[in-house]
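This is what each chain is made of:
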Amino acid sequence: MPTLEQLSDRLWKGIDKTADKGCHPFAPLYRIEEVADGVAFYKGFSNVAVVKTDAGCVLIDTGSSHEVAQQRIFEKVRSYSRERIDTAIYSHGHVDHAYGLPIFLAEARRNSLRLPAVIGHERVAARMKRYILTNGFNTLINTRQFGAAIEWPTDPIYPTETYRDRIVREIGGAHFEITHAKGETDDHSWVYLPERKVLYTGDLFIWAAPNAGNPQKVQRYAREWAAALRAMAARGAEVLLCGHGVPVFGRERVAQALRDTAAYLQSLHDGTVALMNEGAPLDRLIAEVRPPRELAEKPYLQPIYDEPEFIVRNIHRCYGGWHNDVPADLKPAPRVRQAQEIAALAGGAGTLVSRAAALAAEGDFRLACHLLDWAADAAPDSKEVHAVRADVYAQRARRESSTMARGIFRAAAQDSQKIAE
Ligand SMILES: [Zn+2]
């Protein structure tokens, strides 16, 4: 079985591709390997680092609330070290990173050991409380995003120690430099171990186009994210451990991966802001702003999870409001009334559907899906309309490269399929 370093090398050289099944940064390998002296890396759907110190183990990230995942991580961590967990550091408050502690706390209680300290940025707790407030909504949007039933947790383990900008902790002779960065989230930390020259980026690097656009989630921060990537690159790490995907090995590769990702985000940011300052509407930003070709081709910047078009929208939202520059949309007529009017003008929902089918056959899924959404709103119970809508959205989902586009289009296909049957 190839090592994580060999897998990383194959991806870096383009022998394997992140879009390939089993090579996607989310593909769980369920493996733990020592990647630097006293530092092990667990590669699951999301990752965990284990650092040995004289005071016990430090976990950087903890995995998810899912019981099976917790059991797996626990067994792997314990196969690497039996020492007590002294501290856990959350890279951010997402459920796949900051919800895996219960099994370790249960172990500590069983053995009457002091419970680990939990370090996180000061905004982590607010995120965890928001997840409780919006539990039903988050269950729904994440089930749609990932195409699998996801139960959103309601029982977080809050940080016991928080910080604002940067802290350095010495734990059992090892130093942990913990720096805040707004990026994928507002509560993100990256961690540098200066003695071992190991960098833990969390989700600021994930072997994919950054999750800076996510259509169903709260604001991301492209500009600050790019700055954080440059700051990380300046540290001279020899191993990069990321929130998803395999580590990056070697000082030059680590710096290049971070600098390229920074340049990718910066270019989308600057291109979007320049057009906004010229007064360009959102429609034009989406159509015109693209990442530089040489960066878009990098094996670690493929749009397999998020994609540049969504990042542009999020940059626009970061500096503006929700108005989309279409004046009618400011105070719109209900969707159903718009759809009924358009369908009536076209000569019925059936006309919209046949034109949509023709457009889809030509590959114009963008336009075809507008017509089908109008047709479905105008004739919500029509099996014929929904049969075509289900088919076209299913085709569209298969053609998309990003998890996020695929998830939303697949959900639309499934909704129509239920009515068509
Ligand atoms: Zn993550």
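Source: prediction; values computed, not measured. (Residues numbered from 1 in each chain as written. Predicted model: local features only at pLDDT ≥ 70, side-chain atom pairs only at ≥ 80, totals over all residues. Heavy atoms only, no water.)

On to the overall build of the protein chain, then. Tallying secondary structure elements over the protein chain gives 15 helices and 13 strands in all. For a compact globule of 421 residues, the expected C-alpha radius of gyration is about 22 Å, and the protein chain comes in at 23 Å, within 12% of that figure. Its C-alpha atoms put the protein chain at 75 × 45 × 45 Å along the principal axes. When contacts within the protein chain are restricted to residue pairs at least 6 apart in sequence, those whose partners lie at least 24 apart make up 67%. With the model as given, the accessible surface of the protein chain reaches about 18,900 Å², and the carbon-plus-sulfur share is 52%. Taking the 53 positively charged and 53 negatively charged side chains of the protein chain as two groups, their mean positions are separated by 1 Å. (Helix = DSSP H or I, 4+ residues; strand = E, 2+ residues; numbered from the N terminus. Rg over C-alpha atoms; globule rule 2.2 N^0.38 Å. Contact = heavy atoms within 4.5 Å. Areas by Shrake-Rupley, 256 points an atom, 1.4 Å probe, with all protein chains shown as cover. Lys, Arg positive; Asp, Glu negative; His and termini not counted. Charge placed at Lys NZ, Arg CZ, Asp CG, Glu CD.)

On to empty space enclosed by the protein. Counted under the stated rule, the structure contains 1 cavity of 30 Å³ or more. Per-class residue counts for the lining of the largest cavity are 5 nonpolar, no polar and 4 charged. (1 Å grid on protein atoms, 1.4 Å probe; cavity = no way out; pocket = protein on both sides within 12 Å on 5 of 7 lines; lining within 4 Å. Points joined across faces, edges and corners; volume = space filled by probe spheres on them. Nonpolar A, V, L, I, M, F, W, Y, C, P; charged D, E, K, R; others polar.)

Moving on, we come to the packing of aromatic side chains. In this description, an aromatic ring pair is defined by two values, namely the gap between the centres and the angle between the planes. Using the criterion set out here, one finds 13 aromatic pairs in the structure. Taking the centre distance of 6.2 Å and the plane angle of 20° together, the rings of Phe 146 and Tyr 305 count as stacked. Placement of Phe 146 in helix α5 (residues 135-146) and of Tyr 305 in the loop between α9 (293-296) and α10 (308-319) is noted, with a sequence separation of 159 residues between them. We classify Phe 146 as partly exposed; its relative accessible area is 25%. Ring pairs connect the aromatic residues Trp 12, Phe 205, Trp 207 and Tyr 300, which therefore count as one cluster. When the ring centre of Tyr 30 is taken as origin, the NZ or CZ atom of Arg 72, which lies over that ring, is 3.8 Å away. (Phe/Tyr/Trp six-rings, centres within 6.5 Å; stacked < 30°, edge-to-face > 60°. Buried < 20%, exposed > 50% of the residue type's maximum accessible area, 1.4 Å probe, protein only. Lys NZ or Arg CZ within 6 Å of the ring centre and 35° of its normal.)

So, about the domain arrangement of the protein chain. Under the domain assignment, the protein chain is made up of domain 1 (4-265) and domain 2 (333-420). Distance between the C-alpha centres of domain 1 and domain 2: 39 Å. Across the boundary between the two partners, domain 1 contributes 9 residues, which contact 6 residues of domain 2. Between domain 1 and domain 2, roughly 610 Å² of surface is buried when both sides are summed, and carbon and sulfur atoms account for 71% of that area. Linking domain 1 to domain 2 there are 0 salt bridges. Taken together, the connections running from domain 1 to domain 2 amount to 0 residue pairs in polar contact (both at pLDDT 80 or more). Looking at the side of domain 1 that touches domain 2 residue by residue, the class counts come to 2 nonpolar, 6 polar and 1 charged. (Domains from an automatic or database assignment. Buried area = accessible area lost by both parts, 1.4 Å probe. Salt bridge = Lys/Arg side-chain N within 4 Å of Asp/Glu carboxyl O. Polar contact = N/O pair within 3.5 Å; in protein donor to acceptor, adjacent residues only side chain to side chain.)

Ordered in space as β8-β9-β10-β11-β12-β13, the 6 strands form an open sheet in which the pairing is mixed. Edge positions in the sheet fall to β8 (166-171) and β13 (248-249), since each has one partner strand and no second. Lying over the sheet, helix α6 (residues 222-233) contacts β9 (174-181), β10 (188-193) and β11 (198-202), oriented at roughly 5° with respect to β10. (Pairing = 2+ DSSP bridges. Axes fitted to C-alpha atoms, helices over the stretch in contact; angles between N-to-C directions.)

This part covers the coordination of the zinc ion. In this structure, Asp 96 (OD), His 97 (NE2), Asp 203 (OD) and His 244 (NE2) serve as the protein donors to the zinc ion, at separations of 2.0 to 2.8 Å. Around the zinc ion, the 4 donor atoms sit at angles spanning 81 to 168°, and that spread fits a shape best called irregular. The motif formed by the donor residues of the zinc ion, counted along the single chain, is D-H-x105-D-x40-H. With His 97 in the loop between β5 (85-89) and α3 (102-110) and Asp 203 in the loop between β11 and α6, this residue pair connects regions lying 106 residues apart in the sequence. Classification of Asp 203 by relative accessible area gives buried; the value is 3%. (Donors = N, O, S within 2.8 Å, 3.2 Å for Na, K, Ca; no water. Tetrahedral: all angles 85-135°; square planar, octahedral: opposite > 155°, others 65-115°.)

Applying the stated criterion across every chain yields a total of 20 salt bridges. Here Asp 373 ties to Arg 389 by a salt bridge, and the two come within 3.1 Å at their closest N and O atoms. Of the two residues, Asp 373 is situated in helix α13 (residues 365-378) and Arg 389 in helix α14 (residues 383-399); the sequence distance between them amounts to 16 residues. Among the ionic pairs, Lys 418 bridges to Asp 415, the shortest N-O distance being 3.8 Å. Residue Lys 418 and its partner Asp 415 are both found in helix α15 (residues 403-420); the two are separated by 3 residues, about one turn of the helix. Look at Asp 415 and you get partly exposed, because its relative accessible area is 46%. Because the salt bridges share partners, they merge into one network encompassing Asp 9, Lys 13 and Arg 253.

A few words on the sheet that holds strand β7 (residues 161-163). Taken together, 7 strands build an open sheet; the order of strands is β1-β2-β3-β4-β5-β6-β7 and the sheet is mixed. Of all the strands in the sheet, just β1 (31-36) and β7 have a single pairing partner and so form its edges. Neighbour to neighbour, the strand axes of the sheet diverge by 20° on average, direction disregarded. The sheet contact formed by β1 and strand β2 (residues 39-43) spans 5 bridges and is antiparallel. Bridge pairing links Ala 36 to Val 39 in β2.

Moving on, we come to unusual backbone geometry. Of note, Tyr 30 is a non-glycine position whose phi angle comes to about 50°, a positive value. Mapped onto the elements, Tyr 30 comes out in the loop between α1 (4-12) and β1. Even without being glycine, Lys 197 reaches a positive phi, approximately 55°. The class for Lys 197 is partly exposed, based on a relative accessible area of 31%.

What follows covers the packing of helix α2 (residues 67-80) against α3. Here α2 crosses α3 at 60°, and the two axes come no closer than 9 Å. One element, α2, and the other, α3, form an angle in the oblique class. Together, Gln 70, Gln 71, Ile 73, Phe 74, Val 77 and Arg 78 of α2 and Pro 102, Ile 103, Phe 104, Glu 107 and Arg 110 of α3 make up the contact between the two elements. Residues that form the contact of α2 with α3 fall into these classes: 6 nonpolar, 2 polar and 3 charged. (Parallel < 35°, antiparallel > 145°, perpendicular 65-115°, else oblique.)

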